[in-house]
Amino acid sequence: MAATKLEDVLNDTIRFYGEVGEWYPPRHVVLRDIHVICYSGYVDKFDGEIFLSEVNIELIGENVQLFYSACEEIQINVSDDHIEIVKYVPLHFHEKAHYFPFESKTVAFSSTGGYEIKDRFIFDPPKISKREAAAIVRRYKKVHKKIGSELAFGELDEEEYMKLEVYCHELLVSFFSGNKEAGILFENYLHGQYDGAVAESYADARNILEACRREKERFQ
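Described in the following lines is the structure provided in the data block. (Residues numbered from 1 in each chain as written. Predicted model: local features only at pLDDT ≥ 70, side-chain atom pairs only at ≥ 80, totals over all residues. Heavy atoms only, no water.)

**Overview of the nonpolar core**
Ranked by internal contacts, the top residues of the largest apolar core, which has 33 residues, are L91, F123, L171, L172, F186, Y189 and I208. Among the elements of the structure, β6 (82–93), β7 (96–109), α2 (130–147), α4 (164–176), α5 (180–187) and α6 (196–218) are those that each provide at least two residues to this core. With residues up to four places along the chain from it excluded, the contact list for Y189 reads Y140, L164, Y167, C168, L171, Y194, V198 and Y202. (Core = buried A, V, L, I, M, F, W, Y, C linked by side-chain atoms within 4.5 Å. Buried < 20%, exposed > 50% of the residue type's maximum accessible area, 1.4 Å probe, protein only. Helix = DSSP H or I, 4+ residues; strand = E, 2+ residues; numbered from the N terminus. Contact = heavy atoms within 4.5 Å.)

**Let's talk about the layout of surface pockets**
Over the atoms a probe the size of a water molecule is rolled, and this reveals where empty space is left. Roughly 400 Å³ of internal volume is contained in the largest pocket. Considering each element in turn, the lining of the largest pocket owes the most residues, six residues, to α6. A per-class count over the lining of the largest pocket returns nine nonpolar, two polar and seven charged. Considering only enclosed or pocket space, the second largest pocket measures out at about 160 Å³ in volume. Of all the elements in the fold, those that place two or more residues in the lining of the second largest pocket are β6, α4 and α6. The element contributing the most residues to the lining of the second largest pocket is α6, with four residues. (1 Å grid on protein atoms, 1.4 Å probe; cavity = no way out; pocket = protein on both sides within 12 Å on 5 of 7 lines; lining within 4 Å. Points joined across faces, edges and corners; volume = space filled by probe spheres on them. Nonpolar A, V, L, I, M, F, W, Y, C, P; charged D, E, K, R; others polar.)

Right under this line is the structure:
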């Protein structure tokens, strides 16, 4: 950045602001009185928490851009010498969606003008009581039995049908809480037959589990 002309910094910042649509309000921050970072994103609110999605982050003058899709919810924290991007993941249990910090990317700037990008896995799996986990397993086994191997959705009552997207998340949380049977049911969710929103919900939950397994393997 030290070798970058002030005019170029201003031009790139103006360009960034000009490229962003009205639904993605742009912002910029200056770190160590040298580095300019611009970012934009769609603002989402959940339970009073503010998240950004469809996020575009650019280190002006460094040719570094970071992108987060519409399916990702993040928060951005800024200090005098670094910017931290925290990605959150939703898990549905207790009749609502809960958002948990999952991964963080920190861009830290030194006093000499350099910078370093670090990634960390920061997910702390949520826990529920053994009693709650056992109740979830019982409810899902009832649904699993009704559906059978051919996904006979007509056998389900309205509440059971509406919760098909949620059961996989509840089973995963139950598994995180120590219920091994929930883990087996999760691996064989709906006999492996699903589509649409149910498939997307299960894929998201499985991605969370696989990331946890990879992180565990790193320390074995």
